[in-house]
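Residue-level listing of the chains:
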Amino acid sequence: DAKTTQPTSMDCAEGRAANLPCNHSTISGNEYVYWYRQIHSQGPQYIIHGLKNNETNEMASLIITEDRKSSTLILPHATLRDTAVYYCIGGKEYGNKLVFGAGTILRVKS
Amino acid sequence: EPEVTQTPSHQVTQMGQEVILRCVPISNHLYFYWYRQILGQKVEFLVSFYNNEISEKSEIFDDQFSVERPDGSNFTLKIRSTKLEDSAMYFCASSGARIIGSPLHFGNGTRLTVT
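Okay, so let's go over this structure. Quantities reported herein were computed from a predicted structural model and do not represent experimental measurements.

1. Things to note about the interface of chain A and chain B
- Facing 20 residues of chain A, the contacting portion of chain B comprises 21 residues.
- Together, the buried faces of chain A and chain B total about 1,800 Å²; carbon and sulfur atoms form 58% of this surface.
- Linking chain A with chain B are zero salt bridges, by the criterion used here.
- For the interface between chain A and chain B, the tally reads four residue pairs in polar contact (both at pLDDT 80 or more).
- Among the elements that take part in the side of chain A that touches chain B, strand S3 (residues 32-38) of chain A stands out by supplying four residues, more than any other.
- Looking at side-chain class alone, the side of chain A that touches chain B contains ten nonpolar, eight polar and two charged residues.

2. Some thoughts on the nonpolar core
- By size, the foremost hydrophobic cluster in this structure holds 23 residues, and its most contacted members are Trp-34, Leu-46, Phe-61, Val-67, Phe-75, Leu-77 and Tyr-90 of chain B.
- Those elements giving two or more residues to this core turn out to be strand S3 (19-24), strand S4 (31-37), strand S5 (43-50), strand S7 (65-68), strand S8 (75-79), strand S9 (88-95) and strand S11 (110-114) of chain B.
- Once you skip the residues sitting within four places of it in the chain, Phe-75 of chain B turns out to touch Leu-21, Arg-22, Cys-23, Pro-25, Phe-32, Tyr-33, Trp-34, Phe-49, Val-67, Glu-68, Arg-69 and Cys-92 of chain B.
- In this structure, Ala-18, Cys-22, Val-33 and Ala-78 of chain A belong to the second largest nonpolar core, which totals 20 residues.

3. What to know about the sheet that holds strand S2 (residues 18-23) of chain A
Residues and elements named next belong to chain A.
- Reading across the sheet, the four strands line up as S2-S7-S6-S5 and stay open at both edges, with antiparallel pairing between neighbours. With partners counted over all chains shown, the strands left at the sheet margins are S2 and strand S5 (55-56), one partner each.
- Inspection of the sheet shows strand S6 (residues 61-64) paired to strand S7 (residues 70-75) by four bridges, in the antiparallel sense. Pairing of Ser-61 across the sheet is with Ile-74, part of S7.

4. Digging into the side chain of Ser-48 of chain B
Residue and element names in this part refer to chain B.
- Tracing the backbone shows Ser-48 in strand S5.
- Residue Ser-48 is classed as buried on the basis of its relative accessible area, which comes to 6%.
- Within the structure, the side chain of Ser-48 is placed 2.8 Å from the side chain of Ser-55, a separation counted as a polar contact.

Calculation notes
Residues numbered from 1 in each chain as written. Chains lettered and ligands numbered in written order. Predicted model: local features only at pLDDT ≥ 70, side-chain atom pairs only at ≥ 80, totals over all residues. Heavy atoms only, no water. Contact = heavy atoms within 4.5 Å. Buried area = accessible area lost by both parts, 1.4 Å probe. Salt bridge = Lys/Arg side-chain N within 4 Å of Asp/Glu carboxyl O. Polar contact = N/O pair within 3.5 Å; in protein donor to acceptor, adjacent residues only side chain to side chain. Helix = DSSP H or I, 4+ residues; strand = E, 2+ residues; numbered from the N terminus. Nonpolar A, V, L, I, M, F, W, Y, C, P; charged D, E, K, R; others polar. Core = buried A, V, L, I, M, F, W, Y, C linked by side-chain atoms within 4.5 Å. Buried < 20%, exposed > 50% of the residue type's maximum accessible area, 1.4 Å probe, protein only. Pairing = 2+ DSSP bridges.

Below is the structure:
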């Protein structure tokens, strides 16, 4: 499983874009980058994933560098409810055993 | 949107007792998982299950633990003789058929307290 590195914590003002970086320099060519979040000890919630192209869904955008060594999760208009721990995880195509790190604590402040 | 549901939400048991944690995965999913999270720590993988057998397990998942899919809809985790250190949130997850990049969907967990 690809090891990822994320900042311990970040703050973001409500209504602004939250940009969460992740380094995954050891990711292999067929491993996806998955982003999950965990709000206050609830179950982890899937956000988005990508292989090499940038991706967007109703929750977020994922920008993956061309060399696939890093990525950025973008929450375009952060709200207080986006306060959570965000995890960047490298994983296989399916049947994934996800390995969670410590993630990034995102605090959205009014 | 379909959900993974877990019961009970909170289970209190005495040390040495057996507990069964129950999960109903999303109905057309084929891969099933249990994770746990000790308070203040990382989410840890316990076991994955596919095609009615364990496909992978962690070193945490010792002989005290077992999983079962008894009836094609439920997925259970049994801890045979609980220890104090088994106190944690236990999360069930499932993922779909062999869809490219099929993400895991997690339930909201069962908080197990061993006294």
